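Tertiary structure, described
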Amino acid sequence: MGSATLPLQATLPTLSDNNRLKLFSGSANVNLSREVARYLGIDLGPMVRKRFADGELYIQIQESIRGCDVYLVQPTCYPVNDHLMELLIMIDACRRASARQITAVIPYYGYARADRKTAGRESITAKLVANLIAQGGAGRVLAMDLHSAQIQGYFDIPCDHVYGSPVIIDYIARKEIRDLVVVSPDVGGVARARAFAKKLDDAPLAIIDKRRQAHNVAEVMNLIGDVRGKTAVLVDDMIDTAGTICEGARLLRKEGAREVYACATHAVFSPPAIERLSSGLFEEVIVTNTIPVPDENHFPQLTMLSVANLIGEAIWRIHEESSVSSMFR
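This write-up is about the structure you can find in this document. Numbering of residues begins from 1 in every chain and follows the order in which that chain's sequence is written. Local features in this predicted model are restricted to residues of pLDDT 70 or higher, and side-chain atom pairs are both shown and tallied only at a pLDDT of 80 or more, whereas totals for entire chains, interfaces and linings draw on every residue. Just so you know, side-chain values use all the structure's heavy atoms and leave hydrogens and water out.

With that out of the way, let us pick up the overall build of the chain. Of regular secondary structure, the chain possesses eight helices and 14 strands. Relative to the globule expectation of 20 Å for 329 residues, the C-alpha radius of gyration of the chain, 21 Å, shows essentially globular dimensions. With respect to the three principal axes, the spread of C-alpha positions in the chain is 60 × 45 × 35 Å. Burial classes follow relative accessibility: with a 1.4 Å probe on protein chains only, a residue under 20% of its type's maximum area counts as buried, one over 50% as exposed, and anything between as partly exposed. Split into buried and exposed, the 329 residues of the chain put 51% on the buried side. In what follows, a contact means two residues having at least one pair of non-hydrogen atoms within 4.5 Å. In the chain, the share of contacts with a sequence separation of at least 24, taken over all contacts with a separation of at least 6, comes to 65%. Helix numbering and strand numbering both begin at the N terminus, where a helix is a DSSP run of H or I of at least 4 residues and a strand a DSSP run of E of at least 2. Here the globule rule reads 2.2 Å times residues to the power 0.38, and the radius of gyration is calculated from C-alpha atoms.

Position of R194 relative to the elements: it lies in helix α5 (residues 190-199). Spatially, the C-alpha atom of R194 lies 17 Å from that of V162, the residues being 32 residues apart in sequence.

Mapped onto the elements of the fold, S33 is located in helix α1 (residues 30-40). Those residues in contact with S33 that sit more than four places away from it in its chain are L23, S25, L44 and V73.

Of all the five residues making up strand β4 (residues 69-73), five are buried; the element is thus mostly covered by neighbouring parts of the structure. Residue alternation in β4 divides its side chains into two sets, D69, Y71 and V73 and V70 and L72, and both sets are buried. Note on pairing: two strands pair once DSSP finds at least 2 bridges between them. Two elements, strand β1 (residues 21-25) and β4, share five bridges in a ladder whose sense is parallel. If you follow S25 over to β4, its bridge partner there is V73. Here five bridges tie β4 to strand β5 (residues 101-106), and the two strands are oriented parallel to one another. Directly across from L72, in β5, lies its bridge partner A104. If the strands point away from the viewer and the path from the first strand over the helix to the second runs clockwise, then the crossover is right-handed. In terms of handedness, the path from β4 via helix α2 (residues 80-96) over to β5 forms a crossover that is right-handed.

How two helices pack is summed up by the angle between their axes together with the distance between the axes. Angles shown run from 0 to 180 degrees and are taken between the N-to-C directions of axes, each axis being a line fitted to C-alpha atoms and, for helices, limited to the stretch in contact. Contact geometry of α1 with helix α8 (residues 308-319) gives a least axis separation of 8 Å together with a crossing angle of 55°. Taken together, α1 and α8 sit at an angle that is classed as oblique. Seen along the crossing, α1 lies across α8 with a hand that is right-handed. Counted together, L32, E35, V36, Y39 and L40 of α1 and A308, N309, I311, G312, E313, I315 and W316 of α8 form the full contact between these two elements. Charged residues are taken to be Asp, Glu, Lys and Arg, nonpolar residues to be Ala, Val, Leu, Ile, Met, Phe, Trp, Tyr, Cys and Pro, and polar residues to be all remaining types, Gly included. Grouping the constituent residues of the contact of α1 with α8 by class yields eight nonpolar, two polar and two charged. Any angle that falls under 35 degrees is termed roughly parallel, while one over 145 is termed roughly antiparallel, one within 65 to 115 roughly perpendicular, and all others oblique. It is the rotation of the near helix from the far one that decides the hand of a crossing: anticlockwise by less than a right angle makes it left-handed, clockwise makes it right-handed.

What follows concerns the packing of aromatic side chains. Aromatic rings from Phe, Tyr and Trp, with only the six-membered ring used for Trp, were paired whenever their centres fell within 6.5 Å, and each pair was classed as stacked if the ring planes differed by under 30 degrees, edge-to-face if by over 60, and tilted otherwise. Applying the stated criterion across every chain yields a total of four aromatic pairs. Ring geometry for F52 versus Y58: centroids 6.3 Å apart, planes at 75°, classification edge-to-face. Residue classification places Y58 among the partly exposed residues on the basis of a relative accessible area of 30%. Look at NZ for Lys and CZ for Arg. If either is within 6 Å of the ring centre and within 35 degrees of the ring normal, a charge sits over the ring. Over the face of the ring belonging to Y58 we find K50, whose NZ or CZ atom lies 5.1 Å from the ring centre.

This paragraph deals with the side chain of D115. Following the sequence through the fold, D115 ends up in the loop between β5 and α3 (125-136). Classification of D115 by relative accessible area gives buried; the value is 3%. Engagement of the side chain of D115 in a polar contact is seen with the side chain of S148, the distance being 2.5 Å. The contact partners of D115, leaving out residues within four places of it in the chain, are I124, A126, S148, Q150, I151 and Y154. In protein, a polar contact means a hydrogen-donor-capable atom and an acceptor-capable atom, both N or O and within 3.5 Å, with residues adjacent in sequence counting only if both atoms are side-chain atoms; elsewhere, any N or O pair within 3.5 Å suffices.

Okay, the nonpolar core next. One finds L23, L40, I172, V182, F196, I311 and I315 to be the most contacted residues of the largest nonpolar core, which totals 44 residues. Residues in contact with V182, not counting those within four places in the same chain, are A193, F196, A197, L200, A203, P204, L205, A206, V233 and V235. Ranked by size, the runner-up nonpolar core spans 36 residues in total, among them F24, I102, A104 and A143. As used in this record, nonpolar core signifies buried Ala, Val, Leu, Ile, Met, Phe, Trp, Tyr and Cys residues forming a set joined through side-chain atoms within 4.5 Å.

Adjacent strands of a sheet form backbone hydrogen bonds with each other and so pair up, either parallel or antiparallel. Taken in spatial order, the five strands make up an open sheet running β1-β4-β5-β6-β7, and their pairing is parallel. Each end of this open sheet is capped by a strand with a single partner; those strands are β1 and β7 (159-162). Adjacent strand axes in the sheet meet at a mean angle of 20°, parallel and antiparallel pairs treated alike. Examined bridge by bridge, strand β6 (residues 140-144) and β7 share four bridges and lie parallel to one another. Note on β7: the bridge partner recorded for A143 is H161. Docked against the sheet, α1 engages β1 and β4, running at close to 160° with respect to β1. Along the sheet, α8 makes contact with β1, β4, β5, β6 and β7, crossing β6 at roughly 155°.

Okay, here's the thing in structure tokens:
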């Protein structure tokens, strides 16, 4: 398994008020939180976390955070409800401890796929979760690669949106792949794939168009663009069960692609994703560590890249009240 990090240069803590920055980790991705803390040159704050016999969660902050800027790192990945509730309790504990500002750092934002109404009597859970976080006491959110950009507008508090793509692009660029073409696995991801291709020396773009002619009729997949004899790089924000991205890889192979790579920020990897991704369709599956992947789910083609430097730099810029968006120009 490969690894890489984005080489960011930060003006790291030398100011006298550095002790006003406090970083705490939920249980969802402690390793990522430790990497972020290392980048910032601080220690993770001490916290007691335990469960009652009926499953209720108890959290207590173990140091004074009065008047401090507190950053809580917690992706709301599987089990989503547990990790979301843990984040809300952490926020409440910090609010009651008189923190000056509480920032929820959410590398992976769960419940994001229900971001609009597509039928009657549906819940828009992306907005519901945003309301819970804001009403719980968070004053700001730092999120990475939201499922759709419009989710930023669901927050009634400032939301800084950062991208994991620079880490992946840096890794691919160093591979010096010949005849590279960036592929969007569906029409909805075209803007993401186009931005990705532009960063790779304006690489050509291809789009997979899927459509169902009628109910109970198989999906028809068409490829817009040329991949014959080229290396195709499929780009998405997440890989969940891997059905869509594997269907796309089969089509690309059928259309004559020489090699196929899969890239995504969030490795959700719900069953049967591991079996599908390790079946030989891909030369490499490149993801980031926004969500932890257990050792038993690693496979030879998997490469995990760290986004800790990116998140750490964004936290430092927020703390210093400088621009976060300029990181991606």
